[in-house]
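So the chains spell out like this:
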Amino acid sequence: MKFAALLAACFASTPLFAQNNPVLGEDAAKVSDHVWAIMGWPNIGIVVGNRATLVVDTGLGPRNGATIARVAAKLAPGNQKLFLTTTHFHPEHAAGEAGFPAGTILIRDAVQQHEMELHGQEMVTMFAGRSAQQKELLANATLRTPDVIFDAEGAIDLGGVTARLLWFGGAHTKGDELTFVEPDRTLISGDVVQNKVVPNIFGDGGTPTSWLAVLGKVEALHVLHVLPDHSAPGDGAMVEMERKFIADLRDSALRLKRQGVSADDAGKQLGAEFKAKYADWPSMNVAGFVRSIYAE
Ligand SMILES: [Zn+2]
Ligand SMILES: [Zn+2]
């Protein structure tokens with residue numbers, strides 16, 4: 001599949017919840033004691049300690065990055081130190097870095113940085129071609145080298161609160177990063193755990209099996225609150241809901257595969273079946289994920 005087709009597939013599953021407006025506002029909602037969120041496309045996490053602040057994701061382009069930095073400064077006026085990390089390398093999550101103040105400490109996992117180096121600029125160019133608005137927002141976007149790169153875990157002590165940055169393996173992308181905030185037990189989950197959204201593997205990101213393995217590790221964290229990137233926040237039960245959905249879809253698709261049903265037909269059949277079974281999910285386009293299951 002060509003990269004453009006992969007991109008189209010990525011957006012086919014954009015949930016109804018997500019605002020389509022790529023310009024973030026300045027309202028922050030409280031998720032837990034130390035965690036705030038700007039809800040939009042995508043949701044942005046802001047973790048506030050006594051000494052330092054961590055922002056998770058940049059918004060699309062520098063103007064959004066600057067908005068987030070203003071909100072972070074308002075939430076913690078005394079904090080001079082600002083950390084920035086990204087859930088994955090896609091432009092609405094990572095291409096707003098240039099809008100943050102000089103001295104912001106950029107940190108991400110090594111696998112994600114590798115994907116950024118391979119495909120980051122290509123995706124910025126592609127997004128800029130989607131509309132005049134996105135072109136304008138992405139003008140002057142830079143993809144600078146992080147100040148800190150970690151392999152499996154990086155912990156940041158923000159003063160009275162610790163953010164554990166975790167790479168558990170591939171899911172939506174190869175480099176998906178999770179942020180687990182202690183003592184809140186809040187997970188900023190990117191696409192890995194979402195709220196009633198059919199999972200989507202972008203390009204040659206993870207596999208259904210690796211996604212399930214990641215969720216197994218997430219379950220061991222005993223999460224209380226979840227802030228996903230493209231759906232509504234919720235409680236720790238979202239982790240088990242995500243795992244059960246993927247396991248259910250995988251078992252069902254593999255059964256059809258053994259019966260000799262084609263991937264396309266299985267996608268159609270399971271789309272209808274799961275629409276009835278998971279009636280409160282806003283959309284049920286499982287074709288892409290079923291193809292991923294067949295391909296393993
Ligand atoms: Zn993405
Ligand atoms: Zn996204």
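Colleague: Any chance you could explain the environment of asparagine 285 here in plain terms?
Modeller: Within the fold, asparagine 285 resides in the loop between α8 (263-277) and α9 (287-295). With 87 residues separating them along the chain, asparagine 285 and valine 198 place their C-alpha atoms 7.0 Å apart. Separated by 3.3 Å, the side chain of asparagine 285 and the backbone nitrogen of alanine 287 make a polar contact.

Colleague: Whenever I open this one, the coordination of the zinc ion (ligand 2) confuses me. Can you help?
Modeller: A four-donor tetrahedral metal ideally has 109.5 degree angles, and a six-donor octahedral metal ideally has angles of 90 or 180 degrees. Around the zinc ion (ligand 2), the protein supplies Glu92 (OE), His93 (NE2) and His230 (NE2) as donor atoms, at distances of 2.0 to 2.1 Å. When the donor residues of the zinc ion (ligand 2) are listed from N- to C-terminus, their spacing reads E-H-x136-H. Between the two metals, the zinc ion (ligand 2) and the zinc ion (ligand 1), the spacing is 3.6 Å. Linking histidine 93 in helix α3 (residues 91-94) with histidine 230 in the loop between β12 (225-228) and β13 (234-235), this pair joins segments that are 137 residues apart in sequence.

Colleague: Sorry, what's going on with the sheet that holds strand β8 (residues 153-157) here?
Modeller: By way of backbone hydrogen bonds, the strands of a sheet pair with one another, either parallel or antiparallel. In spatial order, the strands read β8-β9-β10-β11-β12-β13; together these 6 strands make up an open sheet with mixed pairing. Both outer strands of the open sheet, β8 and β13, are each paired with one neighbouring strand and no more. Relative to β12, strand β11 (residues 186-190) runs parallel, the two sharing 4 bridges. By the bridge assignment for β12, threonine 186 is matched with histidine 225.

Colleague: Is there a simple way to explain α8 in this structure?
Modeller: Side chains three or four residues apart in an α-helix point the same way, a direct result of the helix having 3.6 residues per turn. Its 15 residues place the ends of α8 20 Å apart at the C-alpha level, agreeing with the 21 Å of an ideal helix rising 1.5 Å per residue. Along α8, the residues classified as buried are Ala263, Ala266, Gly267, Leu270, Gly271 and Phe274. Those residues of α8 hidden inside the fold are in contact with α7 (237-258) and α9.

Colleague: Honestly, the side chain of asparagine 64 in this entry has me stumped. Any pointers?
Modeller: If you trace the backbone, asparagine 64 turns up in helix α2 (residues 62-75). A polar atom in the side chain of asparagine 64 sits 2.8 Å from the backbone oxygen of leucine 60. Contact partners of asparagine 64, with chain neighbours within four places excluded, come to Pro22, Val23, Leu24, Thr58, Gly59 and Leu137.

Colleague: Is there a simple way to explain α2 in this structure?
Modeller: Its 14 residues give α2 an end-to-end C-alpha distance of 20 Å, which sits within 8% of 20 Å, the value for a rise of 1.5 Å per residue. Among the residues of α2, Pro62, Asn64, Gly65, Thr67, Ile68, Ala69, Val71 and Ala72 are the ones counted as buried. Taken together, the buried residues of α2 touch β2 (35-38), β3 (44-48), β4 (52-56), β5 (81-85) and α5 (132-138).

Colleague: Can you walk me through the pattern of salt bridges in this structure?
Modeller: Between side chains of opposite charge, a pair can form as their charged atoms come close. The full count for this structure, using the stated rule, is 14 salt bridges. Between aspartate 204 and lysine 174 there is a salt bridge whose closest N-O contact spans 3.2 Å. Of this pair, aspartate 204 sits in the loop between β11 and α6 (208-219) while lysine 174 sits in the loop between β9 (162-166) and β10 (178-182), placing them 30 residues apart in sequence. According to the relative accessible area criterion, lysine 174 is partly exposed, its value standing at 33%. A salt bridge links lysine 277 to aspartate 248, with the nearest nitrogen and oxygen atoms 2.8 Å apart. With lysine 277 in helix α8 and aspartate 248 in helix α7, this residue pair connects regions lying 29 residues apart in the sequence. Owing to a relative accessible area of 51%, lysine 277 belongs among the exposed residues under this scheme. What you see here is one network of salt bridges that share partners, running through Glu219, Glu240, Arg243 and Lys244.

Colleague: Is there a simple way to explain the nonpolar core in this structure?
Modeller: Within soluble globular proteins, side chains that are nonpolar generally end up buried alongside one another. In this structure, Phe245 and Leu249 are the most contacted members of the largest nonpolar core, which totals 38 residues. Looking at this core, the elements that each hand over two or more residues are β10, α6, α7, α8 and α9. At 8 residues, α7 tops the list of elements feeding residues into this core. Residue contacts for leucine 249: discarding those within four places in its chain leaves Leu270, Phe274, Val286, Phe289, Val290 and Ile293. Judged by nonpolar contacts, the second largest core, of 19 residues, contains Val31, Ala52, Val56 and Val181.

Colleague: Even after reading the chapter, I still don't get the packing of α7 against α8, so can you show me in this structure?
Modeller: Packed helix pairs are characterised by how far apart their axes lie and by the angle those axes make with each other. Relative to each other, α7 and α8 sit at 140 degrees, their axes nearing to 11 Å. By the angle class used here, α7 and α8 are oblique. The two elements α7 and α8 cross, and the hand of that crossing is right-handed. For the pair α7 and α8, contact is made by Phe245, Asp248, Leu249, Ser252, Ala253 and Leu256 and by Ala266, Gln269, Leu270, Phe274 and Lys277, respectively. Its residues assigned to classes, the contact of α7 with α8 comprises 7 nonpolar, 2 polar and 2 charged.

Colleague: Please clarify how the side chain of aspartate 229 should be interpreted in this entry.
Modeller: Within the secondary structure, aspartate 229 is located in the loop between β12 and β13. The buried charged residue aspartate 229 lacks any salt bridge, with arginine 130 as its nearest oppositely charged partner at 13 Å. Setting aside chain neighbours within four positions, we find aspartate 229 in contact with Gly40, Pro42, Asn43, Thr87, His88, His93, Gly190, Asp191 and Gln194.

Criteria and cut-off values
- Residues numbered from 1 in each chain as written.
- Chains lettered and ligands numbered in written order.
- Predicted model: local features only at pLDDT ≥ 70, side-chain atom pairs only at ≥ 80, totals over all residues.
- Heavy atoms only, no water.
- Helix = DSSP H or I, 4+ residues; strand = E, 2+ residues; numbered from the N terminus.
- Polar contact = N/O pair within 3.5 Å; in protein donor to acceptor, adjacent residues only side chain to side chain.
- Donors = N, O, S within 2.8 Å, 3.2 Å for Na, K, Ca; no water.
- Pairing = 2+ DSSP bridges.
- Expected span 1.5 Å × (residues − 1).
- Buried < 20%, exposed > 50% of the residue type's maximum accessible area, 1.4 Å probe, protein only.
- Contact = heavy atoms within 4.5 Å.
- Salt bridge = Lys/Arg side-chain N within 4 Å of Asp/Glu carboxyl O.
- Core = buried A, V, L, I, M, F, W, Y, C linked by side-chain atoms within 4.5 Å.
- Axes fitted to C-alpha atoms, helices over the stretch in contact; angles between N-to-C directions.
- Parallel < 35°, antiparallel > 145°, perpendicular 65-115°, else oblique.
- Left-handed = near helix turned anticlockwise from the far one by under 90°.
- Nonpolar A, V, L, I, M, F, W, Y, C, P; charged D, E, K, R; others polar.
- Lys, Arg positive; Asp, Glu negative; His and termini not counted.

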